[in-house]
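The primary structure of each chain is shown beneath.
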There are 2 protein chains.
Amino acid sequence: MARPPRSASVDSRRRLFEAAAAEFAARGYAGANVDRIARAARLNKAMIYYHFKSKAALYREILRDMFTAVGTRVADVAAASCTPEDKVRAFVEAIAAEAEARPHFPPIWLREIAEGGGHLDAATLNYARAVVATLGRIIEEGCRAGRFKPAQPMLVHGGIIAPLMFFLATARVRRKMQRAGAAGVADIPPKVVVAHIQRLTLAVLEGRIA
Amino acid sequence: MARPPRSASVDSRRRLFEAAAAEFAARGYAGANVDRIARAARLNKAMIYYHFKSKAALYREILRDMFTAVGTRVADVAAASCTPEDKVRAFVEAIAAEAEARPHFPPIWLREIAEGGGHLDAATLNYARAVVATLGRIIEEGCRAGRFKPAQPMLVHGGIIAPLMFFLATARVRRKMQRAGAAGVADIPPKVVVAHIQRLTLAVLEGRIA
DNA sequence: ACTAATTAAATATCTAGTTAGTTAATAACG
DNA sequence: CGTTATTAACTAACTAGATATTTAATTAGT
């Protein structure tokens, strides 16, 4: 009883997960098609219902993966022993790294924000809240150390994550526009965006933008 | 021939447009339901096909309205006779004003970014590009006046519009969270967000964040 | 009288989820 | 070791419900 899963099955599950992530990112939850997901994973549609319970449960699993990844990663950042400035830089870097590791992350994040997080279950929503709370603690630490001025964690967080997701999500389109000859819509690599947002955020926290 | 439309018809059209905007904002293009749009407008579903040609054409019209509104508004800003600093402030204010006048604007904008602008027709896409180009001209003007340091218009624009749309789109959810007792996720009024982004953008352009 | 505005009902297509059955890996047993 | 029983992994075909769009007929303004 309770045999371990065969390696082929683990692989199938992974393929479904990835095909689904790409489909949800490209078309949104409602626009995503389970037949297309199965075809992309080179499996029968029924396998989606075998490995996951439903389209909704599959989607929730993708969301959970995204938000728990960021949540645990930034928790590590806050627990590290370095200056508050370095923690802020690492906070930005951590979110960027997890998002870059998942091409579906930025589009899905943008859609969930548009929808008011209607697909997020309570546990996943808590992970999202925890990210803001973690940033809040880093800010407090900086304030106690006399390096930061007090700031609304949510305001600071929005200033980080929104432009980050925007630039990551539009990277492909902007490259295409660039090739089509659009000058101002230049191809800005993620590294540049991350560095920009790091400097911006520190300027805000150190009270240098008033 | 070519009688003017009856006023009742103009009103029906407007009601359909607004119901559709709300529906598309809440559920995305694929998730939107024409029956629900018609019901919300207190009209028969066939009226959608009478006033607009299809669900897709109706959606395109909503997008066109959004992007042309912002496009013309920021063009006025750039043409005004005031300091580059004031133009930057007015640029941010203009986008915020047009977005606040249309509750559907932020969610639809976020979804279109997620989708890579797949629903935007060529003309509307040009309006979107024109907005970035306009910001580029304001930056240039500031550089010539010795007040701004050179900066990538796209990078600056993303730093404006992304957090703006994020905060406007999440306003309702954040108010709900606030009432539910979430402390750090405070209710931040649009005015505060706009002022924050104005100061942030000027700090970037004046080279005060390096 | 003419036609813009509107409706109810039909159509045609799509799609999430189910079912009933097949294949193949593996564990247990002789 | 080889055979068989068990069940995980997988498929093809079906079902039931939804949904965009059309059609044909009706109402009401000018």
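Our structure's up above, just so we're on the same page.
Note that the coordinates shown come from a computational prediction; the quantities given were computed from them, not determined experimentally.

## Thoughts on the protein's contact with DNA strand C
Point 1. Around DNA strand C, 19 residues are found, and the nearest of them are Val34 and Lys45 of chain A together with Ser9, Asn44 and Tyr50 of chain B.
Point 2. Counted by atom, the contact set of DNA strand C within 4 Å of the protein is 63% sugar and phosphate.
Point 3. A distance of 3.2 Å is found between a sugar or linking oxygen of DNA strand C and a side-chain nitrogen or oxygen belonging to Asn33 of chain A.
Point 4. The separation between a phosphate oxygen of DNA strand C and a polar side-chain atom of Tyr49 of chain A is 3.1 Å.
Point 5. Among the elements of the structure, α3 (46–51) of chain A together with α1 (7–31) and α3 (46–51) of chain B are those that each provide at least two residues to the surface near DNA strand C.
Point 6. The greatest single-element share of the surface near DNA strand C, amounting to four residues, is contributed by α3 of chain B.
Point 7. Across the surface near DNA strand C, the residue classes break down as nine nonpolar, five polar and five charged.

## Here's the deal with the protein's contact with DNA strand D
Point 1. Taken together, 21 residues sit near DNA strand D, with Ser9 and Asn44 of chain A together with Val34, Lys45 and Tyr49 of chain B positioned nearest.
Point 2. Here the atoms of DNA strand D within 4 Å of the protein split so that 64% fall in sugar or phosphate, with bases taking the remainder.
Point 3. Note that a phosphate oxygen of DNA strand D is positioned 2.9 Å from one of the side-chain N or O atoms of Tyr50 of chain A.
Point 4. At a separation of 3.1 Å, a phosphate oxygen of DNA strand D approaches a polar backbone atom of Val34 of chain B.
Point 5. Taken together, the elements giving at least two residues each to the surface near DNA strand D come down to α1 (7–31) and α3 of chain A together with α3 of chain B.
Point 6. It is α3 of chain A that provides the largest number of residues to the surface near DNA strand D, a total of four residues.
Point 7. Of the residues that constitute the surface near DNA strand D, the class distribution is nine nonpolar, six polar and six charged.

## Description of the state of the cysteines
Should the sulfur atoms of two cysteines be covalently bonded, the bond is a disulfide.
Residue and element names in this part refer to chain B.
Point 1. The full count for this structure, using the stated rule, is zero disulfides over all chains.
Point 2. There is no disulfide at Cys82, and the cysteine sulfur nearest it, in Cys143, is 16 Å away.
Point 3. Since its relative accessible area comes to 32%, Cys82 is described here as partly exposed.

## What about the interface of chain B and chain A?
Point 1. Taken together, the contact pairs 43 residues of chain B with 43 residues of chain A.
Point 2. Note on chain B versus chain A: buried area summed over both sides is about 3,800 Å², and carbon and sulfur give 76% of it.
Point 3. Contact with chain A buries area across many residues of chain B, yet Met154, Leu155 and Ile209 of chain B alone supply 17% of it, more than any other trio.
Point 4. In this assembly, chain B and chain A are joined by two salt bridges.
Point 5. The shortest N-O distance in the salt bridge between Arg111 of chain A and Glu115 of chain B comes to 2.8 Å.
Point 6. Summed over the shared surface of chain B and chain A, the number is two residue pairs in polar contact (both at pLDDT 80 or more).
Point 7. Elements with a minimum of two residues in the side of chain B that touches chain A: α1, α6 (105–115), α7 (122–144), α8 (153–179) and α9 (190–205) of chain B.
Point 8. It is α8 of chain B that provides the largest number of residues to the side of chain B that touches chain A, a total of 14 residues.
Point 9. Among the residues forming the side of chain B that touches chain A, the class breakdown is 29 nonpolar, eight polar and six charged.

## Thoughts on the side chain of Arg174 of chain B
Point 1. Its place among the elements puts Arg174 of chain B in helix α8.
Point 2. Once you skip the residues sitting within four places of it in the chain, Arg174 of chain B turns out to touch Met154 of chain A together with Phe167, Val185, Ala186, Asp187 and Ile188 of chain B.

Rules behind the numbers
- Residues numbered from 1 in each chain as written.
- Chains lettered and ligands numbered in written order.
- Predicted model: local features only at pLDDT ≥ 70, side-chain atom pairs only at ≥ 80, totals over all residues.
- Heavy atoms only, no water.
- Near = heavy atom within 4 Å.
- Polar contact = N/O pair within 3.5 Å; in protein donor to acceptor, adjacent residues only side chain to side chain.
- Helix = DSSP H or I, 4+ residues; strand = E, 2+ residues; numbered from the N terminus.
- Nonpolar A, V, L, I, M, F, W, Y, C, P; charged D, E, K, R; others polar.
- Disulfide = S-S within 2.5 Å.
- Buried < 20%, exposed > 50% of the residue type's maximum accessible area, 1.4 Å probe, protein only.
- Contact = heavy atoms within 4.5 Å.
- Buried area = accessible area lost by both parts, 1.4 Å probe.
- Salt bridge = Lys/Arg side-chain N within 4 Å of Asp/Glu carboxyl O.

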